[in-house]
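What the coordinates show
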Amino acid sequence: MSEEESKLGRIQFVLCGSHEASDELNPYKVTAPEVRQEILSLINLKPRTLEEIADILRLSKDEVAEHLAALERPALIERLGHRYKPNFAIFTVQDQERMEPLVDELSGSFAKVVQENMGMIYDTYVACGFCSHGFTFDDMAYILVGPYTFDYGGLKALSKAGLLIVSKPMPRGNYVFSGFEGELDLQAKWHWGHSYTFGRFTFFGHGEVPKEGPRDAFPERAYRWYGEGVPEMEIARRMEEIGEIISTLYQGPMDQRTLAGRTGIDQERLAAHLSLLQELAYVKAKGEVFVSACPVVDEAALGHIRAMAEALQEKLIDTIIRPNWSWLEEVYRGTAPARNGIDLKEAFNPIYHMIFEQASRILMDQGIIPRPRKRSDEARYAIWVQLREYRP
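Residues numbered from 1 in each chain as written. Predicted model: local features only at pLDDT ≥ 70, side-chain atom pairs only at ≥ 80, totals over all residues. Heavy atoms only, no water.

**Topic: helix α3 (residues 50–57)**
Of all the positions in α3, only L50, I53, A54, I56 and L57 are classed as buried. Of the residues flanking the end of α3, it is R58, one or two places downstream, whose phi is positive at about 55°. (Buried < 20%, exposed > 50% of the residue type's maximum accessible area, 1.4 Å probe, protein only. Helix = DSSP H or I, 4+ residues; strand = E, 2+ residues; numbered from the N terminus.)

Given below as structure tokens:
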């Protein structure tokens, strides 16, 4: 066994996009066993035959065949003749060290562009009317910069520019799956965005994740209901009613009777929803009156936000990414994913996440944008609801 082979390490996996698999096609579940991570690390160095893998890892051929079949089902590996290689980008520790100067340079430049354009970001906050609903600029700055500009908006803009693949068809989903070898803890290091749409309401959470378990927020609480066996139709009904409550209270404080009249939700269900919303800090009670504690982004506000994000992304792409693209190509050529034939546009998805994650931390460390507030599960993340109006 070579020195590289003796250092087969743990892999942290990330997924950009969405999947519906909860079984043998779930990429996170399939890659969870340590032995499969060792196999992936091994074939990431160079394509190997089943026999070579079994010999190096001192496993039986039947056992290796079983693991390879499990990794093939969700299309995470592919065969080259009798040899196997990863079908997604796995960055070795050496790859990450190789990319570090590039990531440092670009993330610092990203943070500088945002800092220079805080006036435009503040103007967008004003145009969206968040202040009139009780939310300060400090409440909204992270949401405007992190999720809408860097994350969702950035991925969309880079895809439109032909520089990045946001997601691709995979078994039971559309996503880009990636891995990072080493002892880094991406769960703690990165900010994570989760969202799900119920009717005309999309529930968002973005920022840190708790040290243990899922966020105590939406949409994670709805996912928990699925696991508890609550019928899908009932979950959809609950979430649409909760969306109605949040969006109605966003218009102004009101007591429970008025809220019931506005939403059409019967008193018993409304009381249960309000209790949960107070527990999760989406709503506050002031005496007999309930007050919104969750921002709502309606279509008008979303239009202002998209215009701001597109303007900033144009600056980031034209003044930072394109001028440094040849440097990125040069750095990437020396990485394991490049040797395994992973297209740079696909690999740039996790690389771009590295860049904007670091830029976000620079902005928060320097106090240019505040960190999201700590929630009841001890993690710092932002919550909000995005509203799509019905259209005939």
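**Digging into the environment of I165**
Following the sequence through the fold, I165 ends up in the loop between α7 (137–160) and β6 (168–170). For I165, a relative accessible area of 26% gives the class partly exposed.

**Notes on the pairing of strand β3 (residues 77–80)**
The pairing of β3 with strand β4 (residues 83–86) spans four bridges and is classified as antiparallel. Considered in β4, the bridge of I77 is made with P86. Joining the antiparallel neighbours β3 and β4 is a turn of two residues, in which G81 adopts a positive phi near 70°. (Pairing = 2+ DSSP bridges.)

**With respect to the pattern of salt bridges**
On inspection of all chains with the given rule, the structure shows 17 salt bridges. Across the salt bridge formed by K168 and E346, the nearest N and O atoms sit 3.0 Å from each other. With a gap of 178 residues between them, K168 in strand β6 and E346 in helix α16 (residues 344–365) connect regions that are remote in the sequence. On the basis of relative accessibility, which here comes to 8%, the residue E346 falls in the buried class. Across the pair R215 and E220 runs a salt bridge whose closest N-O atoms are separated by 3.9 Å. Residue R215 shares its accessibility class with E220, and that shared class is buried. Connected through salt bridges with shared partners, the residues E234, R237, R238, E241 and R269 form a single ionic network. (Salt bridge = Lys/Arg side-chain N within 4 Å of Asp/Glu carboxyl O.)

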